[in-house]
Amino acid sequence: QVQLVESGGGLVQAGGSLRLSCAASGRTFSIYAMGWFRQAPGKEREFVTKISWSGGNTYYADSVKGRFTISTDNAKATGYLQMNNLKPEDTAVYYCAAGRPSGLGRFPYEYDYWGQGTQVTVSS
């Protein structure tokens, strides 16, 4: 089993930045990739970005490309999501996920482990 704990959410004005962290523990050797998803009220969970656990092969949703950056620190077993130039439409609960995606890692079903989520609110 792998446990994931997110942190770093909060309230920020449009144009501001936040960095989310996702600390992994347990059988971290079983992690092949980490992804970030978000879910706004009344909407489905949406893919944001994904990275291979070794740090390469990143993939971003078009809506965040150029503004968000995903990274990992294997020594700390932690993933990060740096979010810049935030917009009100980025407001959502953000979840990190880990596992061995069979495809590009764009879909929730591709991941075995999930964090509890952290709220990000962007005011206009």
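Residues numbered from 1 in each chain as written. Predicted model: local features only at pLDDT ≥ 70, side-chain atom pairs only at ≥ 80, totals over all residues. Heavy atoms only, no water.

(A) Molecular detail of the overall build of the protein. Across its full length, the protein carries 0 helices and 11 strands. Taken over the C-alpha atoms alone, the protein extends approximately 40 × 25 × 25 Å along its principal axes. Counting only contacts in the protein whose residues sit at least 6 apart along the sequence, the fraction spanning at least 24 positions is 56%. Within the structure as shown, the protein displays about 6,300 Å² of accessible surface, and the carbon and sulfur contribution to it stands at 47%. (Helix = DSSP H or I, 4+ residues; strand = E, 2+ residues; numbered from the N terminus. Contact = heavy atoms within 4.5 Å. Areas by Shrake-Rupley, 256 points an atom, 1.4 Å probe, with all protein chains shown as cover.)

(B) The pattern of salt bridges, seen in detail. A complete count under the given rule lists 4 salt bridges for this structure. Of the charged contacts in the structure, one is a salt bridge between Asp 62 and Lys 65, with a shortest N-O distance of 3.1 Å. The same class applies to Asp 62 and to Lys 65, which are both exposed. Where Arg 67 meets Asp 90, a salt bridge forms, and the shortest distance between an N and an O atom there is 2.8 Å. One end of the pair, Arg 67, is in the loop between strand S6 (59–60) and strand S7 (68–73); the other, Asp 90, is in the loop between strand S8 (78–83) and strand S9 (92–99), and 23 residues separate them in sequence. A relative accessible area of 1% places Asp 90 in the buried class. Here the residues in one salt-bridge network are Arg 38, Glu 46, Arg 67 and Asp 90, joined through shared partners. (Salt bridge = Lys/Arg side-chain N within 4 Å of Asp/Glu carboxyl O. Buried < 20%, exposed > 50% of the residue type's maximum accessible area, 1.4 Å probe, protein only.)

(C) Inspection of the side chain of Glu 6 at higher detail. Mapped onto the fold, Glu 6 is located in strand S1 (residues 2–7). An unpaired buried charge is present at Glu 6: no salt bridge exists, and Arg 45, the closest side chain of opposite charge, is 7.6 Å distant. For Glu 6, the side chain forms a polar contact with the main-chain nitrogen of Cys 96, separated by 2.7 Å. From its side chain, Glu 6 meets the backbone nitrogen of Gly 117 in a polar contact 2.6 Å long. Apart from the residues lying within four places of it in its own chain, the contact partners of Glu 6 are Ser 21, Cys 22, Trp 36, Tyr 94, Tyr 95, Cys 96, Gly 115, Gln 116, Gly 117 and Thr 118. (Lys, Arg positive; Asp, Glu negative; His and termini not counted. Polar contact = N/O pair within 3.5 Å; in protein donor to acceptor, adjacent residues only side chain to side chain.)

(D) Looking closely at the nonpolar core. With 34 residues, the main nonpolar core has Leu 4, Trp 36, Phe 68, Leu 81, Met 83 and Tyr 94 as its most contacted residues. Put simply, the parts of the chain that give this core at least two residues each are S1, strand S3 (18–26), strand S4 (33–39), strand S5 (46–52), S7, S8, S9 and strand S11 (118–123). Counting residues per element, this core draws most heavily on S9, which supplies 5 residues. (Core = buried A, V, L, I, M, F, W, Y, C linked by side-chain atoms within 4.5 Å.)

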